[in-house]
Amino acid sequence: MAPRSTSWGLQGLFRGASLTLCVGLAGASAAETIVGATFEGPTTRYGHGILGDAVEFTQLVIEAGDWAHKRRYRVSLPDDHVFEDIAPRLWDITGDGAPEVVVIETDMARGGSLAVYDETGKIAETSHIGRSNRWLAPIGAADLDGDGRIEVAFIDRPHLAKTLRVFEWDGEGLVLDAELGGLTNHQIGQDFISSGVRDCGDGPEVVTADGDWSDVMVTRMDGGVLEARSVAAFSAEQLDAVLNCTF
């Protein structure tokens, strides 16, 4: 449950966003590895305030290469988009062993989407929820069903729909694989997200709260079907214990 931050991941180019090479250092290869990025360009142009304040971000500065030879890119969103997020995430979505960047990118008229970038730009995005002031909260990425392809999980509208959605990388983009209602991972005004993916030795599992915050829930994916079970009464301490496989 990390607090809101301006750094952790990275971003790119697509549908109006601009990607600019800021600094290129000798030695960077064509196939670069993402090593970090920061949100920049704070803005109050979108007044949703779901994370406790009215400040979102319009830009990311991307670092790719290695620690000795890095390239830096600046991503600028169009005027009707913001990064409505705690921090960008370095998650392997394509299954190649190298991280991509996962962020919440919001269209101010159509709500949030889950977007994936690499050093070349945006490579995937889920559909926007459909209206302003509608948001989603990412959970994690792993091969949840053991089929050799990565799934990425988030809660769609954690304060309203409370629906776990799992999208799979199919080699070209993200396609909906499964969904399950009655789960959540965020309360209005919190600057953190209460969820994650764990593997206690028997494959990856999604950890969230139930819809009314009474229980810590663990959800497995088997044969394309999501099955959730309660494992503890909800508290921040119990959530951490479940995520760390100590409960």
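Quick look at the structure, then. Worth saying up front: this structure is predicted, and the values here are computed from it rather than measured. (Residues numbered from 1 in each chain as written. Predicted model: local features only at pLDDT ≥ 70, side-chain atom pairs only at ≥ 80, totals over all residues. Heavy atoms only, no water.)

1. Points about helix α1 (residues 236-243)
So, step 1. For α1, the full list of buried residues reads Leu239, Ala241 and Val242. The arc enclosing the buried residues of α1, seen along the axis, measures out at 165°, which places them on a common side.
So, step 2. Among the structural elements, β15 (196-199), β16 (204-210), β17 (215-222) and β18 (225-233) are those in contact with the buried residues of α1.
So, step 3. Looking at the residues trailing α1, positive phi occurs at cysteine 245, about 60°. (Buried < 20%, exposed > 50% of the residue type's maximum accessible area, 1.4 Å probe, protein only. Helix = DSSP H or I, 4+ residues; strand = E, 2+ residues; numbered from the N terminus. Arc of directions from axis to C-beta. Contact = heavy atoms within 4.5 Å.)

2. Section: the state of the cysteines
So, step 1. Applying the stated criterion across every chain, the model contains one disulfide.
So, step 2. Covalent S-S linkage joins cysteine 200 and cysteine 245, the inter-sulfur distance amounting to 2.0 Å. Handedness here is read from the sign of the S-S torsion; for cysteine 200 and cysteine 245, about -90°, the answer is left-handed. Taken together, the residues cysteine 200 in the loop between β15 and β16 and cysteine 245 in the segment after α1 connect sequence positions 45 residues apart.
So, step 3. You can call cysteine 200 partly exposed: its relative accessible area is 42%.
So, step 4. Looking at cysteine 245, the relative accessible area reads 33%, which means it is partly exposed. (Disulfide = S-S within 2.5 Å.)

3. Considering the pattern of salt bridges
So, step 1. Under the criterion given, the structure shown has 17 salt bridges.
So, step 2. The residue aspartate 85 makes a salt bridge to arginine 89 at a minimum N-O spacing of 2.7 Å. In this structure, aspartate 85 and arginine 89 share a single accessibility class: buried.
So, step 3. A salt bridge links glutamate 179 to arginine 165; its shortest N-O distance comes to 1.8 Å. One end of the pair, glutamate 179, is in strand β13 (residues 174-181); the other, arginine 165, is in strand β12 (residues 163-169), and 14 residues separate them in sequence.
So, step 4. By relative accessible area, which is 44% here, glutamate 179 ends up partly exposed.
So, step 5. A residue is classified by how much of its surface remains accessible, and arginine 165, at 16% relative accessible area, is buried.
So, step 6. Within this structure, Asp156, Arg157, Arg165 and Glu179 form a network of salt bridges that share partners. (Salt bridge = Lys/Arg side-chain N within 4 Å of Asp/Glu carboxyl O.)

4. A closer look at the sheet that holds β13
Within a sheet, each strand pairs with its neighbour through backbone hydrogen bonds, oriented either parallel or antiparallel.
So, step 1. Strands sit in the order β10-β11-β12-β13 across an open sheet of four strands; the sheet is antiparallel. What marks the edges here is a single partner per strand, and that holds for β10 (136-142) and β13. Going from strand to strand, the sheet's axes swing by 25° on average, the running direction of each strand aside.
So, step 2. Both β12 and β13 contribute to a ladder of seven bridges, which runs antiparallel. Residue pairing for β13: arginine 165 is matched across the bridge by glutamate 179. (Pairing = 2+ DSSP bridges. Axes fitted to C-alpha atoms, helices over the stretch in contact; angles between N-to-C directions.)

5. Digging into the packing of aromatic side chains
So, step 1. Evaluated as defined, the whole model comprises four aromatic pairs.
So, step 2. When the centroid spacing of 5.4 Å and the interplanar angle of 35° are considered together, the rings of phenylalanine 39 and phenylalanine 83 count as tilted. Residue phenylalanine 39 is found in strand β2 (residues 34-43), and its partner phenylalanine 83 is found in strand β5 (residues 81-83); the two are separated by 44 residues along the sequence. The two residues phenylalanine 39 and phenylalanine 83 agree in class, both being buried.
So, step 3. Look at phenylalanine 154 and phenylalanine 167: their rings are 5.6 Å apart centre to centre, the planes differ by 15°, and that puts the pair in the stacked class. Of this pair, phenylalanine 154 sits in strand β11 (residues 151-156) while phenylalanine 167 sits in strand β12, placing them 13 residues apart in sequence. Both residues of the pair, phenylalanine 154 and phenylalanine 167, belong to the buried class. (Phe/Tyr/Trp six-rings, centres within 6.5 Å; stacked < 30°, edge-to-face > 60°.)

6. Points about the side chain of aspartate 210
So, step 1. Positionally, aspartate 210 belongs in strand β16.
So, step 2. Buried and unpaired, aspartate 210 has no salt bridge, with lysine 162 as the nearest side chain of opposite charge at 8.4 Å.
So, step 3. A distance of 2.7 Å separates polar atoms of two side chains, one belonging to aspartate 210 and the other to serine 214.
So, step 4. Those residues in contact with aspartate 210, other than ones at most four positions away along the chain, are Gly182, Leu183, Thr184, Asp215 and Met217. (Lys, Arg positive; Asp, Glu negative; His and termini not counted. Polar contact = N/O pair within 3.5 Å; in protein donor to acceptor, adjacent residues only side chain to side chain.)

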